[in-house]
Amino acid sequence: MDLQQVNLGDVLLVRVNEDRIDAAIAIQFKERMRMLTAGHRGRVILDLGRVTFIDSSGLGAIVAVMKFLGPERPLELAALTPNVARVFRLTRMDGVFVIHDRPPETPRGAEDAA
Amino acid sequence: MQPDLADRQSARCGRKAWKIRLRFRARPLAVRTVLSRIRRQARNRLGPDCAARMELALAEVLNNVVEHGYCGRQTGPIDLTIKPVTGGILCRIVDAGWPMPDLRVPEGRLPDLDVAFQDLPEGGWGWALVRGTVSGLRYRRNRGRNVVVFRIPLTPA
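Keep in mind that what you see is a predicted model, and the values were worked out from it rather than measured.

Core analysis: the largest hydrophobic core is formed by 71 residues, its most contacted members being Phe29(A), Leu46(A), Ile62(A), Met54(B), Leu58(B), Ile82(B) and Phe150(B). By residue number, the principal contributor to this core is helix H2 (residues 48-69) of chain B, which donates eleven residues. Residue contacts for Leu46(A): discarding those within four places in its chain leaves Val14(A), Val16(A), Phe29(A), Met33(A), Ile62(A), Leu75(A), Glu76(A), Leu77(A) and Ala78(A). Among the nonpolar cores identified, the runner-up in size contains five residues, and Val6(A), Val11(A), Leu13(A) and Ala78(A) belong to it.

Right under this line is the structure:
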């Protein structure tokens, strides 16, 4: 699974370069997020701009990531596509996460492909 | 195992009369393959929004068959039929797994969110997502098989 991390100091941006977060890759997603965020202190922003499909398993995986990061390293979401936003709305989980319209600006040279 | 697609598919691509029939094994990757395939076929015919609502409902019902219907058994076949009806798309899913509890579709009540951080739900939304995207959801147990039928409205309710 293709996740890309960009370290912005206090904020760790993780781009999901996949079009789906579903039952078939939910466990893998959780494990990769655990590895990518190890050692980071501060907010984590998940850029979902390329994700066009999520199911209840994928949503559960995102919640699991938020829980293992804990309140000290809040997980926030950015750039929800319409189909992903629909799942958050129908489950009312849009009220649980801080959701940004777009991901934070990344300065040149901050790219750090994982 | 690869989903057994080609020999069971009869997609008649006429302007009105088309129908998708698929038989595949109840496994997560087979479900994913089938959904991607249906997505490609449905998008042109139904438009992206209707196709996306159908994909979400099918994903939840099919994953439920994989995780609960065939729970404790190796796996088994799923038969999926999709066809246009007046004002929408009719989907029928048949499997030979365990019957639904109390022989009815779960209510699909949303999990409680008024809980401590570590108790936030990591699942339990499946039937709420189905009920939120379909109309006319029906279930029956017929000769050892589960039959789930629902409609996806062409325009959201």
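All names here are of chain A. Pairing analysis gives six bridges linking strand E1 (residues 3-8) to strand E2 (residues 11-16), with the strands arranged antiparallel. Bridging across to E2, Leu 8 finds its partner in Val 11. The turn linking E1 back onto E2 is made up of two residues, and Gly 9 within it adopts a positive phi angle of 80°.

On the chain A side, the residues contacting the 28 residues of chain B number 28 residues. Summed over the three residues of chain B that lose the most area to chain A, namely Arg32(B), Phe117(B) and Trp125(B), the buried surface amounts to 25% of that side. Across the contact surface, chain B and chain A share four salt bridges. Notably, a salt bridge pairs Lys67(A) with Glu122(B), separated by 3.0 Å at the nearest N-O pair. Our count for the contact surface shared by chain B and chain A stands at nine residue pairs in polar contact (both at pLDDT 80 or more).

Turning our eyes to something else, we now look at the confidence of the model for chain B. Mean pLDDT for chain B: 88, with 89% of residues reaching 70 or above. When the criterion is pLDDT under 50, residues 1-15 of chain B qualifies, and its contacts beyond four places in sequence or with other chains add up to 29 contacts.

Let us now look at unusual backbone geometry. Despite not being glycine, Ala79(A) has its phi angle at roughly 60°, a positive value. Within the secondary structure, Ala79(A) is located in the loop between strand E6 (75-78) and helix H3 (82-90).

On to H2(B). Over its 22 residues, H2(B) extends 30 Å from the first C-alpha to the last, a length consistent with the 32 Å expected when each residue adds 1.5 Å. For H2(B), the buried fraction is high: 18 of the 22 residues fall into the buried class.

Residue and element names in this part refer to chain B. Relative to the assigned elements, Asp 79 resides in strand E2 (residues 77-85). What makes Asp 79 buried here is its relative accessible area of 15%. There is a polar contact of 3.0 Å between the side chain of Asp 79 and the side chain of Arg 23.

For the rest of this paragraph, the subject is the packing of aromatic side chains. Tallied over the entire structure, the rule returns one aromatic pair over all chains. Their ring planes at 80° and their centres at 5.8 Å tell us that Phe88(A) and Phe97(A) sit as a pair that is edge-to-face. The burial state of Phe88(A) is the same as that of Phe97(A); both residues are buried. Against the face of Phe68(A) rests Arg34(A), its NZ or CZ located 4.2 Å from the ring centre. We note Arg45(B) situated over the ring of Trp18(B); from NZ or CZ to the ring centre the distance is 4.6 Å.

On to the packing of helix H1 (residues 28-46) of chain B against H2(B), then. Residues and elements named next belong to chain B. Contact geometry of H1 with H2 gives a least axis separation of 9 Å together with a crossing angle of 160°. Classified by the angle between their axes, H1 and H2 sit roughly antiparallel to one another. Both H1 and H2 take part in a crossing whose hand is right-handed. On the side of H1, the interface is formed by Pro 28, Val 31, Leu 35, Ile 38, Arg 39, Ala 42, Arg 43 and Leu 46, while H2 contributes Pro 48, Cys 50, Ala 51, Met 54, Glu 55, Leu 58, Ala 59, Leu 62, Asn 63 and Val 66.

With that settled, consider the pairing of strand E4 (residues 135-142) of chain B. Residues and elements named next belong to chain B. The pairing of E4 with strand E5 (residues 145-153) spans six bridges and is antiparallel. Bridge pairing links Ser 135 to Arg 151 in E5. Following E4, the chain reverses through two residues before pairing antiparallel with E5; Arg 143 in that reversal takes a positive phi of roughly 45°.

Another point: the environment of Ala52(B). Along the chain, the position of Ala52(B) falls in helix H2. C-alpha separation for the pair Ala52(B) and Ala42(B), spaced ten residues apart in sequence, amounts to 9.0 Å. What Ala52(B) contacts, discounting residues up to four positions off in sequence, is Asn83(A) and Arg86(A).

With that out of the way, let us pick up the sheet that holds E4(B). Where strands meet in a sheet, backbone hydrogen bonds hold them as pairs that are either parallel or antiparallel. All names here are of chain B. Here five strands make up an open sheet; going across it, the order is E1-E2-E3-E5-E4 and the pairing antiparallel. Two strands bound the open sheet, and with one partner strand each, they are strand E1 (20-25) and E4. Across the sheet, the axes of successive neighbouring strands diverge by a mean angle of 15°, strand direction being ignored. Two elements, E1 and E2, share six bridges in a ladder whose sense is antiparallel. Note on E2: the bridge partner recorded for Ile 20 is Ile 82.

About the thresholds
- Residues numbered from 1 in each chain as written.
- Chains lettered and ligands numbered in written order.
- Predicted model: local features only at pLDDT ≥ 70, side-chain atom pairs only at ≥ 80, totals over all residues.
- Heavy atoms only, no water.
- Core = buried A, V, L, I, M, F, W, Y, C linked by side-chain atoms within 4.5 Å.
- Buried < 20%, exposed > 50% of the residue type's maximum accessible area, 1.4 Å probe, protein only.
- Helix = DSSP H or I, 4+ residues; strand = E, 2+ residues; numbered from the N terminus.
- Contact = heavy atoms within 4.5 Å.
- Pairing = 2+ DSSP bridges.
- Buried area = accessible area lost by both parts, 1.4 Å probe.
- Salt bridge = Lys/Arg side-chain N within 4 Å of Asp/Glu carboxyl O.
- Polar contact = N/O pair within 3.5 Å; in protein donor to acceptor, adjacent residues only side chain to side chain.
- pLDDT = per-residue confidence, 0-100.
- Expected span 1.5 Å × (residues − 1).
- Phe/Tyr/Trp six-rings, centres within 6.5 Å; stacked < 30°, edge-to-face > 60°.
- Lys NZ or Arg CZ within 6 Å of the ring centre and 35° of its normal.
- Axes fitted to C-alpha atoms, helices over the stretch in contact; angles between N-to-C directions.
- Parallel < 35°, antiparallel > 145°, perpendicular 65-115°, else oblique.
- Left-handed = near helix turned anticlockwise from the far one by under 90°.

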